[in-house]
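So the chains spell out like this:
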Amino acid sequence: MRRLPLLAALAVAAAPLLAAGGYGLRLLTSAGIYALLAAGYQAIFGAAGALSLAQGAFFGLGAYVTGILGARYGLDGAATLVLSAAVPAALAAAVAAPVLRLESHYFALATLGIAQLLLLAAVNAEALTGGANGLPGVPGLRLFGLPVERGWPLMAAVWAVALGAAALVGRWSGGARAPVLALMREDPIAAASLGIDTGRLRFAAFLLAAAAAGLAGALHAHFLGVVSPEAIEFPVMVACLSMLVVGGRLSVAGAVLGALLLVQLPEWLRFIGPWYLAVYGAALLAAIVFAPEGIAGVAARLAHAPLPRLPPPAAPRAMPRETPAGPLLSLDGVTKRFGGITALDRVDLDIAAGELVGIIGPNGSGKTTLVNAISGIVAPDSGALTFRGVPLAGRAAHRIARLGVARGFQTPRLLDDAAALDNVALGAHGRGDAAALALYWLDRLGIGGLATRRCGDLPGGARRRVEIARALAVDPRLLLLDEPAAGLTPEEQDDLAMRLRLLNAEGLTILVVEHSVPFLKGLARRMVCLVEGRVVADGAPDAVTRDPVVIDAYLGRNWERRP
Amino acid sequence: MSALQLAADGLALGAAYALVAAGFVLALNASRAVNFAHGDTVMAGGFLSVALAGVLPVPGIALLPLVLGLMALFGVALAAVAYFPLRGRPPVAVFVSTIAAGIVLQNAATAWFGAAPRAGPPLVGGGAIELGFAVLPRQSAAMIAAAGLVYLGLRTLLTRTQTGRRLRAAAQDPGMAEALGIPVAAMTAISFAIAAALAGAAGLLLSNSFFVTPAEGGNFMLKAYIAAAIGGWGRLHGAALGALMIGVFETAVAAAFWQIWAEALLYTALLLILLFRPSGLFGEAAGTRA
């Protein structure tokens, strides 16, 4: 029943094509090819959230592979289809290493550069591609020697491939992976802090997208009977992007819907002649401004997602009480500079298993940088970090998280649109019943009752605790917290301190960066003070707060007399 | 072709690119989002010059103030349609909206003027300047002079006027600027206006010797981006310098080999810069901008 609005939209979009006879059949075939292209694009742009501008070029590359192998060498469709998907996927894999770690516009422009290079090659490598004239005489599709005639058989074959690919992409990006991808899209750093390998997910998405695009290009070449530079020029990319955004970029159904609708646009807009392409752009602009989730997104909203079902909470396996030979975490001469500012200056710090350490210091003293360096979000310029005897140098944040380091952020970084339970489950993803574990940790933080509430609607104190529950769901040995008491009422602070002490008593090592010295004094048994990136005091809280250097630099002379 | 003539042509192309790149960086700093319609704005400026020259039979240089003014208005309109409604949304939304605006521009230009290249007005008339020891193409010399003048105007605006100081403050730290009573939204709109005016001026300068075609926007966009990447992300003068280098490089490679090698090498260079120095060859002006 939930899919009813979406299915209705698909039927309405497809109806005019089915009713329009021979011309409708051609458009329907074309729609199937674009549905395949856009479904693949949904993996990289929709699910993984990376704006690739090479999808159109991968389409053209697939078309040229089929054109060259089919028209020149007469290879069977079974071989050319596979190769047309494999060549763009191989190119995507080859450029992935430098390109995929780029964020945001860097990625968009790098893929645009690749697209421009492919276009230049297609137009200028005349011996291979036929240059501006292209390759005429691409034979109709033959599979294992059997011809797939243009018309109904080709249309059916195209849609079979398109729906198969859409199902594959939908399977890859759906289910338990959907919230993981959502967090990766919105906040890759938070995702990495939970042990999610964002690089691998984007790689898979990029390859899926390229393979689908190549396959679509191959079918397009068979369908038209020619391959020309038009297949690789930017308008293909524009069409694909428009279809996905208008249809709804968060689901493959949106890709299919967008393709069905937008192939009909030239037909509907025939009366304005050459202006219809400008209307294409206007439709894309209107969609991104007024309905960024697209038609499929609106349909999904109409259908109301059901509330998550609550499983009985399940405790994690007991935390092993480690007695490692050396300290749990060890920093040795760690230095980090940002331009001319030295955020961490030769920091030496050992933390033993089972400790609860508070870090204080004035603003800009390097506290947050310290947490970022331990969790792998910034790489130190020099010095060594060791956790459980493993050197952390060169380790990506998600691998450090998997070693057993979890963290909270100064401002909680949650998925606002997801329920508290789903947010916490992200920490436990891939480890047994994530929802049951999540509920356990929400209970432990005293907010089990908020499990089904949307995170964006929760007050600051609750959001803070959801984030700590999520970090605990990672099953860490070391928990790093960055100003967890900020924005909490005194009662909430006491409650949080009590819960953290309990976790510590169960064997969890905790490091808390905090401005509120009273909060820390009631919590930590050891305090470290950072000033200008250097450790100036380290010891029992009472000793550190009486240290003249600490009073001078941070607490102020009137500290002791304050109420 | 003499080396001097070649250098003049290269610098002329680079000077026009410098205006494009400076506008790109200005809007980037103000909005913290890449404006993918910037290249199409150059193209729009070119066609505006073609259209104006059809109505007003004056040298191109006389059209410059008109092009600057009209394109500034266009920049405000672009910001109103494709940037302001999406503030506070992920940057990728602005990428898509500006790509969409670019598509509209490109296809409107095709519908209006046709897909074939059109020539804009020469800046001060054709021919060459005899220097005794060498001959300079008049159009190239005029392009360099006009671009230099516009750039100087931009510099003066940014460093010597109250508006310029507010523009820079708003770009550097919008929160702080807002707290100090600077109308940040208005400053962003002005930045878009200046960016489009600079792009339009470049369109006018390029329209004569390099023609105008509706589909060329993507190339300008990429070159502005490469210039910004070379010059250090967010650095105005760095980007202008990078653009000059691109113009000279392109002209030299095109003269020695073919135009397509110039472009192929440029795009390869872009990938290499992104691979090894994502913050630009001359370092990044501020923290990561998205």
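Here the residue numbering is sequential within each chain, running from 1 through the sequence in written order. Whichever chain is written first becomes A and whichever ligand is written first becomes 1, with later ones labelled in order. In keeping with the model being predicted, local features are shown solely for residues with a pLDDT of at least 70 and side-chain atom pairs are shown and tallied solely at 80 or more, while totals for entire chains, interfaces and linings include all residues. Water and hydrogen atoms play no part in the side-chain values, which are based on all heavy atoms of the structure.

Engineer: So what exactly am I meant to see when it comes to the domain arrangement of chain A here?
Structural biologist: By a widespread convention, an interface's size corresponds to the accessible area lost as its parts come together. Residue and element names in this part refer to chain A. In terms of domain boundaries, chain A breaks down into domain 1 (25-235) and domain 2 (329-404 + 476-555). Counting residues at the interface gives 7 residues for domain 1, matched by 5 residues for domain 2. Put simply, a salt bridge is a Lys or Arg side-chain nitrogen that is within 4 Å of an Asp or Glu carboxyl oxygen. There are 0 salt bridges connecting domain 1 and domain 2. As used in this structure description, the phrase polar contact means that two N or O atoms lie within 3.5 Å; if the pair is within protein, one of them must be able to donate a hydrogen and the other to accept it, and residues adjacent in sequence are counted only when both atoms belong to side chains. Between the two partners, domain 1 and domain 2, sit 2 residue pairs in polar contact (both at pLDDT 80 or more). Class assignment of the residues belonging to the side of domain 1 that touches domain 2 gives a composition of 4 nonpolar, 2 polar and 1 charged. Domain delimitation in this document rests on an assignment produced automatically or drawn from a domain database. Any two residues whose heavy atoms approach within 4.5 Å are treated as being in contact. Under the convention adopted here, Pro, Cys and the residues Ala, Val, Leu, Ile, Met, Phe, Trp and Tyr are nonpolar, Asp, Glu, Lys and Arg are charged, and Gly plus all remaining residues are polar.

Engineer: Looking at this structure, how should I read the packing of helix α1 (residues 4-18) of chain A against helix α12 (residues 252-262) of chain A?
Structural biologist: Residue and element names in this part refer to chain A. Here, axes are lines fitted to C-alpha atoms. For helices the fit covers the stretch in contact, and angles between N-to-C directions go from 0 to 180 degrees. By definition, any uninterrupted DSSP run of H or I lasting at least four residues is a helix, any uninterrupted run of E lasting at least two residues is a strand, and each is numbered from the N terminus. At their nearest, the axes of α1 and α12 sit 9 Å apart, and the two run at 25 degrees to each other. As the angle between them shows, α1 and α12 are arranged roughly parallel. As for how α1 packs across α12, the hand of that crossing is left-handed. Every residue of α12 that contacts α1 at L6, A9, L10, A13, A14 and L17 is listed here: A253, V256, L257, L260 and L261. Taken together, the residues that form the contact of α1 with α12 break down as 11 nonpolar, no polar and no charged. Under this scheme an angle from 65 to 115 degrees is roughly perpendicular, one under 35 degrees roughly parallel, and one over 145 degrees roughly antiparallel; angles in between are oblique. Here a crossing is taken to be left-handed if its near helix is turned anticlockwise relative to the far helix by less than a right angle, and right-handed if that turn runs clockwise.

Engineer: Please explain the interface of chain A and chain B as it appears in this structure.
Structural biologist: Between chain A and chain B, the contact holds 34 residues from the first and 38 residues from the second. Summing both partners gives a buried area of about 3,200 Å² for chain A against chain B, and 80% of it is carried by carbon and sulfur. Summed over the three residues of chain A that lose the most area to chain B, namely H105(A), Y106(A) and L109(A), the buried surface amounts to 20% of that side. Linking chain A with chain B are 0 salt bridges, by the criterion used here. Linking chain A with chain B are 1 residue pair in polar contact (both at pLDDT 80 or more), by the criterion used here. Considering every element that reaches the side of chain A that touches chain B, the biggest residue donor is helix α5 (residues 104-124) of chain A, with 13 residues. Considering only residue class, the side of chain A that touches chain B consists of 26 nonpolar, 6 polar and 2 charged. The term buried area denotes the loss of accessible surface (1.4 Å probe radius) that occurs when two parts are joined, taken as the sum for both partners.

Engineer: What am I meant to see in the side chain of Q116(A) here?
Structural biologist: Here Q116(A) is to be found in helix α5. Burial here depends on accessible area, computed with a 1.4 Å probe over protein chains only, as a share of the maximum for the residue type. Under 20% is buried, over 50% is exposed, and the range in between is partly exposed. Residue Q116(A) is classed as buried on the basis of its relative accessible area, which comes to 15%. The residues contacting Q116(A), other than those within four sequence positions of it, are N219(B), L222(B) and Y267(B).

Engineer: Please explain the pairing of strand β5 (residues 356-360) of chain A as it appears in this structure.
Structural biologist: Side chains on a regular strand alternate between the two faces of the sheet. All names here are of chain A. With 5 of 5 residues buried, β5 is to be regarded as a mostly interior element. DSSP bridges decide pairing: two strands pair if at least two such bridges lie between them. Two strands pair when backbone bridges link them, and β5 and strand β11 (residues 526-531) are joined in this way by 4 bridges, in the parallel orientation. Looking at the pairing, I360 lines up with C529 of β11.

Engineer: Honestly, the sheet that holds β11(A) in this entry has me stumped. Any pointers?
Structural biologist: Backbone-to-backbone hydrogen bonds join strands into a sheet, with any given pair of strands oriented parallel or antiparallel. Residues and elements named next belong to chain A. Strand order in the open sheet formed by 6 strands is β8-β9-β10-β5-β11-β12, and the pairing between neighbours is mixed. The open sheet terminates on both sides in strands that have one partner only, identified here as β8 (405-407) and β12 (534-539). For this sheet, the mean angle separating the axes of adjacent strands, direction not counted, is 20 degrees. Alignment of β11 against β12, held across 5 bridges, turns out to be antiparallel.

Engineer: Looking at this structure, I do not really get the sheet that holds strand β6 (residues 382-387) of chain A. What am I missing?
Structural biologist: Residues and elements named next belong to chain A. Spatial strand order, β4-β3-β6-β7: 4 strands in an open sheet with antiparallel pairing. The open sheet has two edge strands, β4 (341-351) and β7 (390-391), and neither has a second partner. Pairing of strand β3 (residues 329-338) with β6 involves 5 bridges; the strand directions are antiparallel. Looking at β6, one finds that L329 is bridged to F387. This element, helix α16 (residues 367-374), spans β3, β4 and β6 of the sheet and lies at about 60 degrees to β4.

Engineer: Explain the packing of aromatic side chains to me, please; I cannot follow it from the model alone.
Structural biologist: The way to describe two aromatic rings as a pair is by their centre distance and the angle between their planes. Pairing of aromatic rings covers Phe, Tyr and the six-membered ring of Trp, with a centre-to-centre limit of 6.5 Å; geometry is then stacked below 30 degrees between planes, edge-to-face above 60, and tilted otherwise. Using the criterion set out here, one finds 13 aromatic pairs over all chains in the structure. Aromatic pair F24(B) and Y225(B): ring centres 6.2 Å apart, planes at 65 degrees, arrangement edge-to-face. One end of the pair, F24(B), is in helix α1 (residues 3-31); the other, Y225(B), is in helix α9 (residues 217-231), and 201 residues separate them in sequence. Judged by its relative accessible area of 0%, Y225(B) is buried. By way of ring pairs, the aromatic residues W275(A), F47(B), W112(B) and F113(B) are connected into one cluster. Two conditions define a charge sitting above a ring: the NZ of Lys or the CZ of Arg must be within 6 Å of the ring centre, and it must be within 35 degrees of the ring normal. The ring centre of F107(A) lies 5.5 Å from the NZ or CZ of R202(A), which sits over that ring. Across from the ring centre of F45(A), 4.5 Å away, lies the NZ or CZ of R249(A), which sits over that ring.

Engineer: Just to check I follow, could you spell out the pattern of salt bridges for this structure?
Structural biologist: Once their charged atoms are close, side chains differing in charge can pair, the charge on each being opposite to the other. Residues and elements named next belong to chain A. The tally for this structure, following the rule as stated, stands at 19 salt bridges over all chains. Residue D187 is joined to R413 by a salt bridge in which the shortest nitrogen-to-oxygen separation is 2.7 Å. Here D187 is found in the loop between α8 (177-186) and α9 (188-193), whereas its partner R413 is found in the loop between β8 and α18 (420-427), with 226 residues between them in sequence. Given the relative accessible area of 12%, D187 is considered buried. Since its relative accessible area comes to 30%, R413 is described here as partly exposed. When salt bridges with common partners are traced through the structure, they connect D345, R346, E532 and R534 into a single cluster.

Engineer: What should I look at first to understand α8(A) in this one?
Structural biologist: Each α-helix turn comprises 3.6 residues. Residues three or four places apart therefore point the same way. V180(A), L181(A), A182(A), L183(A) and M184(A) are the residues of α8(A) that are buried. Its buried side turned inward, α8(A) meets α2 (21-47), α7 (152-173), α9, α10 (198-224), α18 and α20 (460-473) of chain A.

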